[in-house]
Structure formats: C-alpha cells, structure tokens
Amino acid sequence: MKRNLLLLIMFVPLLIIGQNTITIDGNFDDWTDVPVAMTDPADDVHDTDGDYADDGAPSYVAYSDIDLLEVKFTNDADNLYGYIKATGIIGRTSVDSLGQKAGRYYFIFTIDTDNNDITGYRLKEGGYYPDSKGYDMNMEVEFYNGSYNTGHYLNHEFISEADYNANWLNDLNNRVVRLAPGTYDWYSQWVMFPNDSVEVVVDKGPVHYGIIEIAVSEDGHEAEMVAPMWGFLKTPEGDPIIDLNRTIIVSASLEGSGELSEGSSGPTHSNWGSDTAEPFTYEVKDPATAITLSPAVNAPDKFVLHANYPNPFNPQTTISYSLVKQQNIRLSIYDVNGREVALLVNEQKNIGNYTINWTAKSQNGQTLPSGIYFAVLQAGNEQSVQSMLLLK
Ligand SMILES: [Ca+2]
Ligand SMILES: [Ca+2]
Ligand SMILES: [Ca+2]
Ligand SMILES: [Ca+2]
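Computed from a predicted structure; not experimentally measured.

Enquirer: Provide a residue-level description of the pairing of strand E17 (residues 327-335), including the pertinent values.
Expert: The side chains of a regular strand alternate, first on one face of the sheet and then on the other. Two strands pair when backbone bridges link them, and E17 and strand E18 (residues 340-349) are joined in this way by eight bridges, in the antiparallel orientation. Looking at E18, one finds that arginine 330 is bridged to asparagine 346. Here E17 hands over to E18 after four residues, with glycine 338 in that stretch at a positive phi of 80 degrees. Two strands pair when backbone bridges link them, and E17 and strand E20 (residues 371-379) are joined in this way by six bridges, in the antiparallel orientation. The partner of isoleucine 333 across the bridge, within E20, is alanine 375.

See the structure below:
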C-alpha cells in the first residue's frame, strides 16, 4: 500500500501540472486542479493605517470586500497566474459621482523573487500583516473610481529617496531590476506592453491596459490574474528575475480605501483595510519537464500490476495495479493449467491506483484448492502477470 501511495503522490500531480491552462476570462473551472496555496480566516481584515504593536497584530477593521479567503498560484512556460477568493466583491470601489470620493482597491501578489530576505522590503513597512521580509517586486492590479485602473509591476529595490531618484528611471530604461535591499516607500511602478514599451504609472493615474490582466467572477468573490514572467525584467547580468525552476516566496493581499467598508463612518471617511494571507513558497515549475519526466521515471507507459499481499495467502489476498492513462482493462485469475478461474475487473478505468481483494474463490463462488495462481492484468495486446501461492 505504501508503494501505491508513493506512486500516486509522484506521478499524478506531475500530470496535472502539465495540463494547467489558465484563461483570464472570469470562469474558474480552469483552476479546479490547481492546489490551494494558502487559506485565510474570514473576518480578519486589519486597519492598514492603524497602530501596529511591535509583535502583535494590527487593529481589526470591518471590510468584507477586502477579506480574502483562499489563494492559488500556478505558472506555465511564460506566465505566473494568481487566484484569490474573497468574502465580498473584489475590486469594488466608491465612485465620486455618489458624493463620495473615488476609492482605491488593490489586488496584490508581493514576491520575494530571489528567495532572499536581504533584498527587498518587509511587509510590515506597508502595513501588511502577517509580517515577513525580503519582498522585491509586485504583480498587482489597481481599481479606482469604480473600475479597473492599471495592472502593473513594482520594483522595491530602493533604500532611500536619494537611491530612488538616482536609479529608478535608469533601471527601468535598461529593463533591469538590481535586487537590492529596499523599502516599502520607495518603488518604481510600471505597465508593460507586448512590444516591450513601458508606461510609468502612479496610483490613481490614467487607465493603461498592459500585459497584466485580471478577470473577476460574476458574483465578485473570485478573481484570476496573469503576469508574464518577462515583465519582471532582468538582473544587470541579464538573468531573468523570474524564470522556470526558480523558488520564490509569494504573499497575497487585498487592500482598499474604506469608503465602502462596514467600518466607514461617513461618505468621505476612508478606513484603509488590508488582508494578507500567510506567505507561501512556490516552485516555478517547468511544464515541459513535468510532462515528459513523470511517466518515464515513475511508471511504465500504460499500467503496472503490483505483487499481491500477502503471498502466500489463505484465503484472502490484495491485488493492486496502477494506470497512467484511461483504458479498458481486464484483471483475471488463472490456475496452473491456464484456465481462467475468476474475472475480477473488466471495464474502462481512469488514471489512478486500484486495489481489489480476492478470497480464492472461482467465478461461480467455489472455494479453490491450494496451489499456484496467476493474476493477469491485460490491456489491448499487453499484459502483466504476478504469481500467487494459495497455501491452506
Ligand atoms: Ca479562467
Ligand atoms: Ca481573511
Ligand atoms: Ca528578496
Ligand atoms: Ca489574513
């Protein structure tokens, strides 16, 4: 049984990874097979502007639109994809025509792109909780005044205003990120276009549609986002900041100005709220590797019949087999004279591991005598055989 479990763990997730295709369309069937990266409790939004005890949680604020519940994260050969489920409506902001000021809302994946605490900034500096260090870049979407505003990248490598002033434009013009110790307050922020041109953006700036895209479900509780890896730019040495077979740390947050929050105390009152899930480690997997390696390393092309257990047996034994593709199979028992004495399985089966108990009885229920029997698994012209000894 342990061996079966191991097989299941080893090759089923790899096959699934190879099949991930996320479409940014506001439908979420494409996320079904992506494992949950992190769950987050309900009703734990905190006041982003509020007091922040050194080792305690910041104060609570009621704001259901910001209350995130679940995070997923995946990639294909070219892109990172993030998914967030929330209690309220993702991206909901107040509009100035309602006699309120225009609100802001952020859908954020903050990334420690080099898996190194020394480079980047500390989440707490931005008022985020739980705290964690080393965050270099963001992929995020801003909603403003009731609608989408920009989908942009952020670079947090600047340690001071002087550092920022001296370097940000040069770095962006050279399409590089230096991965240096940074701060929350000093960052550059840009929308990237498919032709590699950039538009520097500021909060509440004009709408630009670049290569980062987002789609929200009809009920508003779910959203999916894509950020092409090349938009994270390169190091001065020319290495991509994000690439396949890298380990990154990801922190997902929702944040918004609070005109529409339950905690708001008037039409112009702004109670900033944010909710951050615990950060998680993510391997940027190579989908091509996942597809080709899994069957070759862990399983034969079509199926495997494992040794029965116990063996010798009396009268019951367990026969197990694994299928790496959906197929019609036939599992039967033969005696030493080549006579089929029992047919255990004869049907189409899905990919997976299967076990079946056999109690040494023939097809019509007769008890069989001691002796050698053969379990035979057949699919098409191929078969796999295990001999079994019934000892009474
Ligand atoms: Ca989708
Ligand atoms: Ca939450
Ligand atoms: Ca870092
Ligand atoms: Ca939380």
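Enquirer: Break down unusual backbone geometry for me, citing the residues and quoting the values.
Expert: Here the bond from tyrosine 129 into proline 130 is cis, since omega is 5 degrees, no more than 30 degrees from zero. Structurally, proline 130 is set in the loop between strand E5 (104-112) and strand E6 (137-144). Proline 312 follows asparagine 311 through a cis peptide bond whose omega is 5 degrees. The residue proline 312 is located in the loop between strand E15 (303-305) and strand E16 (317-323) in this model. Although it is not a glycine, asparagine 115 adopts a positive phi angle of roughly 50 degrees. As for its placement among the helices and strands, asparagine 115 is situated in the loop between E5 and E6. What makes asparagine 115 partly exposed here is its relative accessible area of 40%. Phi is positive for lysine 204, which is not a glycine, with a value near 65 degrees. Checked against the element boundaries, lysine 204 lands in the loop between strand E9 (198-200) and strand E10 (213-216). For lysine 204, a relative accessible area of 44% corresponds to the partly exposed category.

Enquirer: Report on the nonpolar core, specifying residues and quantitative values.
Expert: Burial of nonpolar side chains together is a common tendency in soluble globular proteins. By size, the foremost hydrophobic cluster in this structure holds 49 residues, and its most contacted members are Leu80, Phe107, Phe109, Met139 and Phe232. Grouped together as the second largest cluster of nonpolar side chains are 22 residues, Tyr321, Leu323, Ile333 and Trp358 included.

Enquirer: Break down the coordination of the calcium ion (ligand 4) for me, with residues and values.
Expert: The protein atoms donating to the calcium ion (ligand 4) are Asp40 (OD), Asp40 (OD), Asp44 (OD), Asp275 (OD) and Thr276 (O), with metal-donor distances spanning 2.3 to 2.6 Å. Here the donor residues for the calcium ion (ligand 4) map to a single chain with the spacing D-x3-D-x230-D-T. Taken as a pair, the calcium ion (ligand 4) and the calcium ion (ligand 2) lie 4.3 Å from each other and share aspartate 40 as a ligand. Overall, aspartate 275 belongs to the buried group, its relative accessible area being 1%.

Enquirer: Which residues make up the coordination of the calcium ion (ligand 3), and what values do they have?
Expert: Binding of the calcium ion (ligand 3) to the protein goes through Asp112 (OD), Asp114 (OD), Asn116 (O), Thr119 (O), Thr119 (OG1), Gly134 (O), Asp136 (OD) and Asp136 (OD), at separations of 2.4 to 2.9 Å. Look at where the donors of the calcium ion (ligand 3) fall in the sequence and you get D-x1-D-x1-N-x2-T-x14-G-x1-D. Owing to a relative accessible area of 25%, aspartate 114 belongs among the partly exposed residues under this scheme.

Enquirer: Quick one: what's the story with the pattern of salt bridges, residue by residue and with numbers?
Expert: All told, the structure shown has eleven salt bridges when counted by the stated rule. With its nearest N and O atoms 3.0 Å apart, the salt bridge here joins lysine 349 to glutamate 347. For lysine 349, a relative accessible area of 16% puts it in the buried group. Several salt bridges converge on common partners, so that one network encompasses Glu157, Asp163, Asp171 and Arg178.

Enquirer: Can you tell me about the environment of glycine 380, naming the residues and giving the values?
Expert: Inspection of the secondary structure assignment puts glycine 380 in the loop between E20 and strand E21 (382-390). The class of glycine 380 is exposed, set by a relative accessible area of 73%. Along the sequence, glycine 380 and arginine 330 sit 50 residues apart, while their C-alpha atoms lie 9.1 Å from each other.

Enquirer: Please provide a residue-by-residue account of the environment of aspartate 203, values included.
Expert: For aspartate 203, the position within the fold is in the loop between E9 and E10. Looking at aspartate 203, the relative accessible area reads 26%, which means it is partly exposed. In this structure, the C-alpha to C-alpha distance between aspartate 203 and glutamate 142, residues 61 residues apart in sequence, is 7.8 Å. In this structure aspartate 203 touches Arg104, Tyr106, Glu142, Tyr187 and Gln189, once residues within four positions along its chain are discounted. Within the local environment of aspartate 203, its side chain forms a polar contact with the side chain of tyrosine 106, the two groups lying 3.4 Å apart.

So, how was this worked out
- Residues numbered from 1 in each chain as written.
- Chains lettered and ligands numbered in written order.
- Predicted model: local features only at pLDDT ≥ 70, side-chain atom pairs only at ≥ 80, totals over all residues.
- Heavy atoms only, no water.
- Pairing = 2+ DSSP bridges.
- Helix = DSSP H or I, 4+ residues; strand = E, 2+ residues; numbered from the N terminus.
- Buried < 20%, exposed > 50% of the residue type's maximum accessible area, 1.4 Å probe, protein only.
- Core = buried A, V, L, I, M, F, W, Y, C linked by side-chain atoms within 4.5 Å.
- Donors = N, O, S within 2.8 Å, 3.2 Å for Na, K, Ca; no water.
- Salt bridge = Lys/Arg side-chain N within 4 Å of Asp/Glu carboxyl O.
- Contact = heavy atoms within 4.5 Å.
- Polar contact = N/O pair within 3.5 Å; in protein donor to acceptor, adjacent residues only side chain to side chain.

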